[in-house]
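# Analysis of the macromolecular model
The residues making up each chain are set out below.
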Amino acid sequence: MSLRVGVIGTGAIGRDHIRRLTSVVAGVEIVAVADADPELARRVAGEAGARVLPGDRLIGEPDVDAVLVCSWGATHADYVLAAIAAGKPVFCEKPLATTPDAALAIVDAEARRGKRLVQVGYMRRYDDAYRALKRELDGGVIGAPLMMHCAHRNASVPAFYRPDDMITDTAVHEIDMLRWLFGAEIVAVRVLRPRTGGHTGDLPEPMLLVLELDGGVLADVEISVNARYGYDIRGEILGESGTAALGEPGVVAVRSAGRLAVPIAGDWRERFGPAYDAELRDWAGTVRAGQPPGGPSCWDGYAATSVSAAALSSLRTGERVVVSLGDQPELYRRE
Ligand code: NAD
Ligand code: ISE
């Protein structure tokens, strides 16, 4: 029998995930959708052969086996808490919540149930290039890691994108990726700004985050969200005996007429398409098999939101801000 999924939020990624769940991942049916924009919800429901419901009602429907939350970040926490209360598996796009307290309330609710129900959409853990980088690091060829240099550049961002989103919506991917790659928590962060370029409106770009990991690795992350030339994601680890740099999946370098040319992705859909496919295939597979999700947990979501909050505070004060997560519940320590 198909896994019957309800989708909350039918904007850019909600529609992309619906396409993925119906045409890339096997054994999934979209039975209901919700969106704050009723006209959009009706249109998407019509295309998917689903019905339209308010988000909180959708979660309780008997024929909704699992929920996908793709609405705006600040609305995620209430929907995820409602799904946990209903005992339903939920895939929540990043961020899990926009404040550490809201994320911790989700961790507490899931831990009280004693069973993992939540997967958070930090898809870089499923990206071939990041996985290859992690294999190289774990294989020890470059020796013990010392530093990592990262850049996250968007060609442009939508009109609704706010200054704080540079951290909570964009840098949050590197925050999660670094914790996963190095298997260590981020213990402190400082945000620095160069002079402004005059092309950025009210966005504080570019921005540099300096992140300290437990165990001593340092990472710097450049965030630019109006890079214009393309969507560019970079990472290079410096180890004690060499370096390892993130590759570009599926890229062909052409040498011709005295020039070396490589294509650059246009946006996140293009760069991370296969990673989104893999994360949702994995999620749907575990849900159908009645297993706990294998991807990023709500502890990971809570950790990323806590580091984001510390980075926002550093952006305002210019100070180094320490991150303190408290005790990890037993449910997540078993992983
Ligand atoms: P979007 O604005 O295109 O879509 C969001 C939709 O949510 C809109 O249609 C809006 O009307 C709807 N919505 C807002 N509040 C709602 C509510 N309370 N209930 C139901 N619907 C509501 O935005 P988007 O780019 O699709 O981003 C959505 C989420 O996905 C964000 O959290 C974003 O960070 C995340 N995202 C993740 C990635 C990734 O790489 N993993 C990429 C893009 C977006
Ligand atoms: C967007 O929400 C994403 O998650 C993309 O992966 C990221 O590159 C972009 O900056 C965010 O706005």
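Residues numbered from 1 in each chain as written. Chains lettered and ligands numbered in written order. Predicted model: local features only at pLDDT ≥ 70, side-chain atom pairs only at ≥ 80, totals over all residues.

Looking at an unreviewed UniProt entry, one finds the protein named Inositol 2-dehydrogenase and attributed to Actinoplanes missouriensis. According to its UniProt record, the protein has this under Subunit (unreviewed entry): "Homotetramer." What the UniProt record of the protein gives under Catalytic activity (unreviewed entry) is the line "myo-inositol + NAD(+) = scyllo-inosose + NADH + H(+)". (UniProt positions renumbered as here; feature names shortened; annotations may be inferred.)

A few words now on the sheet that holds strand S9 (residues 207-213). The strand order across the open sheet formed by 7 strands is S12-S11-S7-S10-S9-S8-S15, and the pairing between neighbours is mixed. Across the chains shown, the open sheet's two edge strands, defined by having one partner strand only, are strand S12 (242-245) and strand S15 (321-322). With 2 bridges joining them, strand S8 (residues 186-192) and S15 adopt antiparallel strand pairing. Counted as the bridge partner of alanine 188 is valine 322 from S15. Here helix H7 (residues 165-182) sits on the sheet and contacts strand S7 (145-153), S8, S9 and strand S10 (218-224); the angle it forms with S7, its principal contact strand, is near 150 degrees. In the packing of helix H9 (residues 298-317) onto the sheet, the strands contacted are S8, S9 and S15, and the crossing angle to S8 comes to about 35 degrees. (Pairing = 2+ DSSP bridges. Helix = DSSP H or I, 4+ residues; strand = E, 2+ residues; numbered from the N terminus. Contact = placed C-beta atoms within 7 Å. Axes fitted to C-alpha atoms, helices over the stretch in contact; angles between N-to-C directions.)

When the UniProt feature table is mapped onto this chain, "domain: Gfo/Idh/MocA-like oxidoreductase N-terminal" (unreviewed entry) is found at residues 3-122. Between the C-alpha atoms that bound residues 3-122 there is a distance of 22 Å. The span itself is 44% helix and 21% strand.

Moving on, we come to the environment of alanine 227. As for its placement among the helices and strands, alanine 227 is situated in the loop between S10 and strand S11 (232-239). The spatial distance from the C-alpha of alanine 227 to the C-alpha of alanine 97 is 27 Å, given a sequence separation of 130 residues. Each residue touching alanine 227, except ones within four places of it in the same chain, is listed here: Arg153, Asn154, Ala155 and Asp232.

The next thing to look at is the sheet that holds strand S3 (residues 51-52). Ordered in space as S3-S2-S1-S4-S5-S6, the 6 strands form an open sheet in which the pairing is parallel. Because the sheet does not close on itself, it has two edges, and the strands there are S3 and strand S6 (118-120). Examined bridge by bridge, strand S2 (residues 28-34) and S3 share 2 bridges and lie parallel to one another. Bridging across to S3, alanine 32 finds its partner in arginine 51. Each of S2 and S3 touches helix H2 (residues 38-48); the most contacted strand, S2, lies at about 165 degrees to it.

Moving on to unusual backbone geometry. Backbone torsion omega between lysine 94 and proline 95 reads -10 degrees, so that peptide bond is classified as cis. Topologically, proline 95 is positioned in the loop between strand S5 (90-92) and helix H5 (100-113). Note that the residue after glutamate 205, namely proline 206, is joined by a cis bond; omega there is -5 degrees. In this fold, proline 206 is placed in the loop between S8 and S9. The backbone of arginine 228 shows a phi angle near 70 degrees, a positive value even though the residue is not glycine.

A word on the site of ligand 2. By nearness alone, every residue bordering ligand 2 is listed as Asn154, Val157, Asp169, Thr170, His173 and Trp268. Ranked by residues supplied to the shell around ligand 2, first place goes to H7 with 3 residues. A per-class count over the shell around ligand 2 returns 2 nonpolar, 3 polar and 1 charged. (Near = placed C-beta within 6 Å. Nonpolar A, V, L, I, M, F, W, Y, C, P; charged D, E, K, R; others polar.)

Moving on: the site of ligand 1. Of all residues adjacent to ligand 1, which total 25 residues, the nearest are Gly9, Gly11, Ala12, Ser71 and Glu93. Among the secondary structure elements, those contributing two or more residues to the shell around ligand 1 are helix H1 (12-23) and helix H8 (268-288). Examining the composition of the shell around ligand 1, we find that 3 residues originate from one element, H1, more than from any other. Class assignment for the residues of the shell around ligand 1 results in 11 nonpolar, 9 polar and 5 charged.

Let us look at H2. All of the buried residues in H2 are Ala41, Val44, Ala45 and Ala48. Summarising the axial view, the buried residues of H2 lie within an arc of 105 degrees, below the 170-degree limit, and thus occupy one face. Exposed side of H2, more than 90 degrees from the buried face: Glu39 and Gly46 are the residues found there. Those residues of H2 that are buried are in contact with H1, S2 and S3. (Buried ≥ 20, exposed ≤ 12 C-beta atoms within 10 Å, placed from the backbone. Arc of directions from axis to C-beta.)

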